[in-house]
Amino acid sequence: MARSRRPRTVAQPSSVIRHRLPNTVVIVTGAGRGIGRATAELFAREGARVVLCARTGRELHAACLAIRAAGGEAVARVTDIGSARQARALVNLALRRYGRLGLLVNNAGILGPRVPLVRYPHRDWATVLRINLSGTFYMMQEAAQIMARQRNGCIITLSSSVGRTGRAQWGAYAVSKFGVDGLSQVLADELRPAHVCAITFNPGGTRTAMRAKAYPREDRLALRDPSVAARALLHLAICSSPAISGRAFDLNNLPPRLPAHHYGIRAPNRAPVSLTKRKTKC
Ligand SMILES: NC(=O)c1ccc[n+]([C@@H]2O[C@H](COP(=O)([O-])OP(=O)(O)OC[C@H]3O[C@@H](n4cnc5c(N)ncnc54)[C@H](OP(=O)(O)O)[C@@H]3O)[C@@H](O)[C@H]2O)c1
């Protein structure tokens with residue numbers, strides 16, 4: 001008599017693809033390092049098709065190649081979101097390649113100088129607002145048009161505690177983060193009838209290059225890893241719903257799971273247009 005074979009338990013590698021975002025098309029801005037890279041990697045492991053951007057090609061392509069090496073689907077384009085033309089080209093790339101857009105994570109941002117307002121250089125003021133506020137607006141505008149046509153989608157924008165309560169020497173960075181909360185609320189109100197969700201998320205102190213620049217003398221090991229923020233962003237993406245649109249979140253007030261009516265950012269469960277076979281440069 002043949003011995004019945006029990007299925008063997010196979011240890012799963014850490015890069016295993018789970019699929020809580022199956023075939024969802026996601027743009028992550030500022031995905032070359034820090035929170036953006038951790039988010040792009042996590043979302044790709046969850047089955048999303050990820051479109052990455054940053055200005056530094058070397059970091060961006062390393063992030064894209066790491067996702068592909070782990071079996072994920074990703075494409076990258078060097079982009080300065082502070083240019084309306086480049087922001088549009090990025091969103092068009094996502095649309096041309098994948099045919100839809102489920103989620104935009106507006107993560108890219110810069111810190112600017114940590115000096116009092118009375119000494120804040122005008123050139124830096126203009127640069128920080130161009131990238132953090134206008135760049136976020138350009139990305140939102142392009143993505144929102146597509147999502148409104150689809151009648152679903154979600155836009156999550158990274159904010160900051162200094163964008164909720166002003167603090168000395170945070171200058172244009174703080175003002176830009178107040179601004180993105182406002183942008184998100186206006187968009188949420190305008191696009192509620194079109195079933196598009198817009199929310200903000202403050203990750204809190206996280207071990208990244210930006211944080212090291214802001215607090216050069218602090219103990220980096222005491223800070224949270226960027227993967228914590230990435231997991232919170234995944235939770236928000238999955239919970240995206242009319243009930244939470246327009247709201248501002250941080251790690252202590254994440255919404256409960258299983259919303260009554262989500263915006264269906266996940267793509268219909270149809271076979272993908274054999275993208276994984278296509279050989280394209282990161
Ligand atoms: N880390 C924290 O403690 C913390 C706390 C609160 C909020 N946040 C927010 O979280 C987000 C991510 O921060 P992080 O700490 O991960 O920063 P980070 O390590 O400095 O990474 C920022 C990313 O954004 C990209 N970027 C900057 N300007 C860009 C532009 N004009 N166009 C496209 N990409 C651009 C950077 O690449 P390039 O320079 O190559 O373009 C990089 O990939 C930011 O919005 C930040 O304000 C962070």
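Nothing here was measured: the structure is a model prediction, and the numbers come from that model.

Quick notes on the rules
- Residues numbered from 1 in each chain as written.
- Predicted model: local features only at pLDDT ≥ 70, side-chain atom pairs only at ≥ 80, totals over all residues.
- Helix = DSSP H or I, 4+ residues; strand = E, 2+ residues; numbered from the N terminus.
- Pairing = 2+ DSSP bridges.
- Axes fitted to C-alpha atoms, helices over the stretch in contact; angles between N-to-C directions.
- Contact = placed C-beta atoms within 7 Å.
- Buried ≥ 20, exposed ≤ 12 C-beta atoms within 10 Å, placed from the backbone.
- pLDDT = per-residue confidence, 0-100.
- Near = placed C-beta within 6 Å.
- Nonpolar A, V, L, I, M, F, W, Y, C, P; charged D, E, K, R; others polar.
- Expected span 1.5 Å × (residues − 1).
- Arc of directions from axis to C-beta.

Caption draft 1: Looking closely at the overall build of the chain. From N to C terminus, the chain includes seven helices and seven strands. Helices and strands in the chain line up, N terminus first, as β-α-β-α-β-α-β-α-β-α-β-α-α-β.

Caption draft 2: Focus on the sheet that holds strand β3 (residues 73–78). Strand order across the open sheet formed by seven strands is β3-β2-β1-β4-β5-β6-β7, with parallel pairing between neighbours. What marks the edges here is a single partner per strand, and that holds for β3 and β7 (248–250). Averaged over neighbouring strand pairs, the angle between their axes works out to 20 degrees when direction is ignored. In terms of strand pairing, strand β5 (residues 153–158) meets strand β6 (residues 196–202) through six bridges, oriented parallel. Bridging from a neighbouring strand, Ile 155 pairs with Ala 198 of β6. On top of the sheet, helix α1 (residues 34–45) reaches β1 (25–29), β2 (49–54), β3, β4 (103–106) and β5; it is set at about 165 degrees to β1, its chief contact.

Caption draft 3: Seen up close, the environment of Leu 129. If you trace the backbone, Leu 129 turns up in helix α4 (residues 122–150). Assessed through the 18 C-beta atoms surrounding it within 10 Å, Leu 129 is described here as partly exposed. C-alpha of Leu 129 to C-alpha of Gly 112: the two residues are 17 residues apart in sequence and 9.6 Å apart in space. Those residues in contact with Leu 129 that lie beyond four places of it in its chain are Ser 134, Ala 172 and Ser 176.

Caption draft 4: Representation of the confidence of the model for the chain within the structure. Overall, the predicted model of the chain reaches an average pLDDT of 90, with 85% of residues at or above 70. Mean pLDDT across the secondary structure elements of the chain bottoms out at helix α7 (residues 226–239), with 97, and peaks at β1, with 99. Note that pLDDT drops below 50 for residues 1–14; the model gives that stretch zero contacts with residues more than four away or on any other chain.

Caption draft 5: Expanded view of the site of the ligand. With respect to spatial proximity, 32 residues lie near the ligand, and among them Gly 30, Gly 34, Arg 55, Thr 56 and Gly 109 are the closest. Every element with two or more residues in the shell around the ligand is listed here: α1, β2, α4 and α6 (209–214). Classifying every residue of the shell around the ligand gives eleven nonpolar, 16 polar and five charged.

Caption draft 6: Representation of helix α3 (residues 84–98) in the model. With 15 residues, α3 should reach 21 Å at 1.5 Å per residue; the first-to-last C-alpha distance of 21 Å fits that figure. Those residues of α3 that sit buried are Ala 87, Leu 90, Val 91, Ala 94 and Tyr 98. The buried residues of α3 occupy an angular sector of 90 degrees when the element is viewed end-on, so they sit on one face. Across α3 from its buried face, at more than 90 degrees, point the exposed residues Arg 85 and Arg 96. One or two steps after α3, the chain reaches Gly 99, where phi turns positive at roughly 85 degrees.

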